[in-house]
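Structure assessment
Each chain, written out:
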Amino acid sequence: MNGGNRGARGALAAVGLAAAVALTITGCSSAKPSPTEAGAAGGSLVVGVTSDPDTLFPWKATQFQAVNVLQNLYGTLTEFDADLNVVPGLAESWEASEDGLTVTFTLREGVTFADGSTFGSEDVKFSLEAIAAEATAAVARTSLASVAGIETPDEQTVVLTLSAPDAALPANLAVINMAMLSSDDTEAELNTTPNGTGPFVLEDRKASQSLTLAKNDAYWGDAAKLDTVEFRVIPDESSIVSAMQSGNVQLAVFDDPLVAQTAESGTVSVEKTPQLSYHALQLNARRGDLADVNVRLAIQCAVDRQEVLDTAALGEGEVTGPITSPAYRSDPDARPCPERDLDKAAKYLDKAGKSDGVTIKTIVSQGEYATSVNEAQNLKAQLAEANITLELEVLESGAFVDRWIAADFDAAVALNGGRPDPDGMYGRYFTSTGNLNQVAGYSSPELDALFAEGKQSSDPDERKDIYAQISENLEDNAAWIWLFTSYSYTAASSEVQGFTPMANGSLQYLRTTTVN
Amino acid sequence: MLRRILAALATLLGVAVFVFIMLRAIPGNQITAGLGTEAAALTPAQQQQLEAYYGLDQPLIAQFFSWLGNIFTGNLGFSARAQQSVLELTAQSLPVTIELAIFSIVLALLIGIPLGMLSASRPDSPRDAFGQVVGLAGLSIPAFLLATTLLAVLASSFGYNPNGEGYAYFVDNPWLNLQQMLLPSIVLGFGIAAPIMRTTRTAVLEIRSNDFIRTAKAKGVPPRRLQAKHVLGNALVPIVTMTGLQFGYLLGGAVVVEQIFSLPGIGRQVLLGIQQKEYALVQSTVLIIALSFVIVNLLTDVLYRMIDPRVRAA
């Protein structure tokens, strides 16, 4: 859901996130309550997490834990379903005009905010205008770049006028950074008192200890089945595992396969979910030897992605191309070097006039996610055989983020967040005007044209074709070296039912979860 | 006394300056800590605006003195993450740390002093070796290992894990609170028992070689009384010094143990502050920690006067 480098989001982001349902403190010993009728299960869920949200203001939330909590408190015009298809949210339906320059949203009736006030078109106008305003510093601002005007003909209708067709808009509106806020609220108020239209409301918060949500009885959809969800902060992942084993915590999401393994027991099962986020060796094609496409291709050919995955991440994941969302997934083998090919790598280096070898300064973050340094070392070893020297600079996460933001690197070992829509995922990186293009280090007129085409077309098949071309273009030019995607591990004790983990890491299905 | 207080103030000022500089030397600031790599998408105008909001556009000297000035008015800063003032946060976290420190020290004394006396009672004997081995174990087993092992074994084998529940303050639920303090106190207490045991052993051996002990023995003082009053009484000064020092360290927050047992103490407050680059939070909290250290030192001195007439006379 965040396009940025998820792995570099402070110690908070890459660490696991855990959830648990506690009937009572002694979940394991007390007599089971008699089965209740379906839909009236109730119960309280305790979600064990390693960190506290760093903000409760949805427009500025990028930290994983903050996003996950806020998703349950706020509503968006559109939403994702379990397969990441865009489905109606606060907007019951929407329709684009023939030329694609006007989109009309019909809002759901009878939606209220947590404070009881009614949600209407004024709130949508207020929210979208504020998100688009530079002064708000909302992280989703550029997603609204194509919106030229917002009209509210009546209480249930919002008409967006676009400067150019934007097929990615519905998906872009589904992220929590696009949450619809009441026009009466201010950032300062919402920082302490969230006021959303989501399935839950904030009941209690003890900073850096716990945050408890209660079911929102006035929710417009099917009301949540749980009475309360507590996100309990247990900073150490293995302590979360212990808390699950003692029955204090019933649900937890981990990133580290080793930790997930220890969690598995008679009462706790672990489910793997492929993630949208991807591990890559980012290349800065505007610097030094990497400016030559042949050098970049030599790197691509010299890397066995499966070996990186096996060595650094115990084989837990899948080799990937650029696009990771299920509907648009790139064929990982559609690239000049589907397999490692040292002869080809040598030829590319020859072509670049660098048969003596090249040296690439590479930044690596330490402590952000478990595999970073191991990936870097394996890449270094593999590339050394092709006469390419990776000079590794292992940095503390804050220092890594600083260098990454400033695009001050030749190459970077990174774990970047993915998004369901490929335009949202890469448009900001690989179009020449994208706000992360400097960091991406590569753009071309062909890519600009393809991305523009992708935004204009609303036909799903046509879009798939366009993004396949984009993916191919990125691989043919070895803009970056895409390596693999990993899994998240949802550990749940046996009394937890109805929770669906998602590829974007979202916990939105807490609303269908029950605890028996 | 006045000189001591002046020295203490100078120490605190030094700590303040040092922490201030160290924090700014860490790469990143509150903007990148909050936004992560999304900060790359900020426009220059937004960047400027955020810098002004967090006061990062001020010269360092101005930042320092505005923080220091605020301290004197009782304003220790505000944590955007927690949406609470540093004073409120510390009022919640300091008692947790103090409670943990007291339990750990009591436990350490209960283990360390008898063990030290046992060792000293017959140097180089098997019982001395036993004491030494226990002491060495306390010193060399890392706290995180002992903590994780204790927690994992008790939780998985016996389903006992009070720390898996939300933290309970003593006033809200004393019974649960005491259980939650038990394991971390054992881990910390075991570690601190080692230096206390060694100090006790050395001090006892040294005192026993003094003439007045021989005299007391010759006068027929019963062995038990001799041990308790004459030997231990005189060995107390170095033990108190060591205990005070360890207690001072504990007040700085046992970060690792607090993390593993999910205790919302002052160590975690500092750690979160550093991760989030909340400068004022870290500076003020470290100042409070330094202040507690200074106070404990002063109290230790007072204690000397009580237990040792020679210090009183000097």
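Just so we're clear, the structure is a prediction, and the values are computed from it rather than from any experiment. (Residues numbered from 1 in each chain as written. Chains lettered and ligands numbered in written order. Predicted model: local features only at pLDDT ≥ 70, side-chain atom pairs only at ≥ 80, totals over all residues. Heavy atoms only, no water.)

Details of a nonpolar patch on the surface
Judged by side-chain polarity, Met1(B), Leu2(B), Ile5(B), Leu6(B) and Leu9(B) come together as a nonpolar surface patch covering roughly 560 Å² of accessible area. Counting through the fold element by element, Leu9(B) comes out in helix 1 (residues 2-25). (Patch = residues over 30% accessible without salt bridge, like charges linked within 9 Å, V, L, I, M, F, W, Y side chains within 5 Å. Areas by Shrake-Rupley, 256 points an atom, 1.4 Å probe, with all protein chains shown as cover. Salt bridge = Lys/Arg side-chain N within 4 Å of Asp/Glu carboxyl O. Helix = DSSP H or I, 4+ residues; strand = E, 2+ residues; numbered from the N terminus.)

Here's the deal with the pairing of strand 5 (residues 102-107) of chain A
All names here are of chain A. Here strand 5 shows a clear split, with Val103, Phe105 and Leu107 buried on one side and none of Thr102, Thr104 and Thr106 buried on the other. Across five bridges, the pairing between strand 4 (residues 91-96) and strand 5 is antiparallel. Considered in strand 5, the bridge of Glu95 is made with Thr104. Between the end of strand 4 and the start of strand 5, which pair antiparallel, lie five residues, with Gly100 showing a positive phi angle near 75°. (Buried < 20%, exposed > 50% of the residue type's maximum accessible area, 1.4 Å probe, protein only. Pairing = 2+ DSSP bridges.)

Side note on the state of the cysteines
All names here are of chain A. Inspection of every chain in the model, using the stated rule, returns one disulfide over all chains. The disulfide that involves Cys301 links it to Cys337, with 1.9 Å between the sulfurs. Residues Cys301 and Cys337 share a disulfide whose torsion about the S-S bond is about 85°; that sign makes it right-handed. You can see Cys301 sitting in helix 8 (residues 293-302) and its partner Cys337 sitting in the loop between strand 13 (318-319) and helix 10 (342-351), a full 36 residues away along the chain. The exposure class of Cys337 is buried, given its relative accessible area of 1%. (Disulfide = S-S within 2.5 Å.)

Some points on the side chain of Thr62(A)
Considering the arrangement of structural elements, one finds Thr62(A) in the loop between strand 1 (44-49) and helix 2 (64-70). Here Gly34(B) takes part through its backbone oxygen, which lies 3.1 Å from a polar atom of the side chain of Thr62(A). (Polar contact = N/O pair within 3.5 Å; in protein donor to acceptor, adjacent residues only side chain to side chain.)

Here's the deal with the UniProt feature "transmembrane region" (unreviewed entry) in chain B
Residues and elements named next belong to chain B. As recorded in UniProt, the feature "transmembrane region" (unreviewed entry) lies at residues 100-121, 133-158, 178-197, 235-261 and 281-304. Secondary structure content for residues 178-197 is 100% helix and 0% strand, while the C-alpha to C-alpha distance between its ends is 25 Å. For the annotated span residues 235-261, helix accounts for 85% and strand for 0% of the residues, and the straight-line distance between the end C-alpha atoms is 35 Å. (UniProt positions renumbered as here; feature names shortened; annotations may be inferred.)

Describing the sheet that holds strand 5 of chain A
Residue and element names in this part refer to chain A. Ordered by their spatial adjacency, four strands build an open sheet running 4-5-7-6, and the pairing between neighbours is antiparallel. Of all the strands in the sheet, just strand 4 and strand 6 (147-154) have a single pairing partner and so form its edges. Taking the axes of each pair of neighbouring strands and ignoring which way they run, one obtains an average angle of 20° across the sheet. Two strands pair when backbone bridges link them, and strand 5 and strand 7 (residues 157-162) are joined in this way by five bridges, in the antiparallel orientation. Residue pairing in the sheet places Thr104 in a bridge with Val159 of strand 7. Helix-sheet contacts for helix 3 (residues 121-132) involve strand 5, strand 6 and strand 7, and the interaxial angle to strand 6 is about 165°. (Axes fitted to C-alpha atoms, helices over the stretch in contact; angles between N-to-C directions. Contact = heavy atoms within 4.5 Å.)

Section: the interface of chain B and chain A
Listed by partner, the interface residues are 42 residues for chain B and 48 residues for chain A. Both faces combined, the contact of chain B with chain A buries some 3600 Å², and carbon together with sulfur accounts for 53% of it. Among the residues chain B hides against chain A, the three largest losses belong to Thr37(B), Glu38(B) and Arg81(B). Together they make up 18% of the total. The interface formed by chain B and chain A holds two salt bridges in total. Notably, a salt bridge pairs Glu38(B) with Arg428(A), separated by 2.6 Å at the nearest N-O pair. (Buried area = accessible area lost by both parts, 1.4 Å probe.)

Looking at the domain arrangement of chain B
All names here are of chain B. Here chain B is partitioned into domain 1 (1-75) and domain 2 (91-311). Placing a centre on the C-alpha atoms of domain 1 and another on those of domain 2 gives a separation of 33 Å. Counting residues at the interface gives 20 residues for domain 1, matched by 17 residues for domain 2. Taken over both partners, the interface formed by domain 1 and domain 2 buries close to 1700 Å², and the fraction arising from carbon and sulfur atoms is 72%. (Domains from an automatic or database assignment.)

Digging into the pattern of salt bridges
Residue and element names in this part refer to chain A. Tallied over the full model, the rule gives 23 salt bridges over all chains. When the shortest N-O distance is used, the salt bridge between Asp166 and Lys455 registers 4.0 Å. In this pair, Asp166 is assigned in the loop between strand 7 and helix 4 (169-172) and Lys455 in helix 15 (residues 445-456), connecting sequence segments 289 residues apart. The exposure class of Asp166 is buried, given its relative accessible area of 8%. One salt bridge connects Lys354 with Asp289, and the closest N-O pair in it is separated by 3.3 Å. One end of the pair, Lys354, is in the loop between helix 10 and strand 14 (358-366); the other, Asp289, is in the loop between strand 12 (268-283) and helix 8, and 65 residues separate them in sequence. Classification of Asp289 by relative accessible area gives partly exposed; the value is 27%. Because the salt bridges share partners, they merge into one network encompassing Arg287, Glu393, Arg403, Asp408 and Asp410.

Details of the nonpolar core
Grouped together as the largest cluster of nonpolar side chains are 67 residues, with contacts concentrated most on Leu45(A), Leu128(A), Leu160(A), Val229(A), Phe231(A) and Leu510(A). Ranked by size, the runner-up nonpolar core spans 40 residues in total, among them Ala280(A), Ala412(A), Trp480(A) and Ile31(B). (Core = buried A, V, L, I, M, F, W, Y, C linked by side-chain atoms within 4.5 Å.)

With respect to helix 13 (residues 422-430) of chain A
For helix 13 of chain A, a buried count of nine out of nine residues is recorded, marking the element as mostly surrounded by other parts of the structure. One side-chain oxygen at the N-terminal end of helix 13 of chain A lies 2.9 Å from the backbone nitrogen of Asp423(A); it belongs to Asp421(A).

Some points on the packing of helix 1 of chain B against helix 4 (residues 60-72) of chain B
Residues and elements named next belong to chain B. Contact geometry of helix 1 with helix 4 gives a least axis separation of 12 Å together with a crossing angle of 130°. With respect to helix 4, the axis of helix 1 lies oblique. Regarding helix 1 and helix 4, the two cross each other, and that crossing is right-handed. Listed contacts from helix 4 to Leu13, Ala16, Val17, Phe20 and Arg24 of helix 1 are Leu60, Gln63, Phe64, Trp67 and Leu68. The residue makeup of the contact of helix 1 with helix 4, split by class, is eight nonpolar, one polar and one charged. (Parallel < 35°, antiparallel > 145°, perpendicular 65-115°, else oblique. Left-handed = near helix turned anticlockwise from the far one by under 90°. Nonpolar A, V, L, I, M, F, W, Y, C, P; charged D, E, K, R; others polar.)

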